[in-house]
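Breakdown of the fold
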Amino acid sequence: MSLVAMVMLSSVASAKTAATTVNGNASVKTTSQRLANNTVRVTEATTETNAAFVRCNFKVSIYSCDGVLLGSAVYTDYASSAGGCANFFAAMHDWVANN
């Protein structure tokens, strides 16, 4: 994760964020940041489960300038509401920034 932290903490040439609703019970927010020859994409996804919980997925992916995936990591947690995912996502951003 040190490569991810270095890329995310470095100065960003451009960044864009897109939030979409995948279906009735899922929401996805993707942020892409371009740095020199690499792109870092962070995806935050929330999905309602059958047990009245919300699954929180945090995915970090690094792509080369020609779109080849160099590496990725996914972290998952569960919350009682989508608001609970916000705390998880904030903690994950802090963790990535500090590692």
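In short, a report on the structure. Treat the numbers as computed from the prediction; the structure is a model and nothing was measured.

Criteria and thresholds
Residues numbered from 1 in each chain as written. Predicted model: local features only at pLDDT ≥ 70, side-chain atom pairs only at ≥ 80, totals over all residues. Heavy atoms only, no water. Core = buried A, V, L, I, M, F, W, Y, C linked by side-chain atoms within 4.5 Å. Buried < 20%, exposed > 50% of the residue type's maximum accessible area, 1.4 Å probe, protein only. Contact = heavy atoms within 4.5 Å. Disulfide = S-S within 2.5 Å. Helix = DSSP H or I, 4+ residues; strand = E, 2+ residues; numbered from the N terminus.

Counting 13 residues, the largest nonpolar core has Cys56, Phe58, Cys85, Phe88 and Phe89 as its most contacted members. For Phe58, the contacting residues outside a window of four places in its chain are Val42, Thr43, Glu44, Ala73, Val74, Tyr75, Phe88, Phe89, Met92, His93 and Val96.

A complete count under the given rule lists one disulfide for this structure. Two residues share a disulfide in this structure: Cys56 and Cys85, whose sulfurs sit 2.0 Å from each other. Here the disulfide of Cys56 and Cys85 is left-handed, its torsion about the S-S bond being about -80°. Of the two residues, Cys56 is situated in strand β4 (residues 54-64) and Cys85 in helix α2 (residues 82-98); the sequence distance between them amounts to 29 residues. In this pair, the class of Cys56 matches that of Cys85, namely buried.

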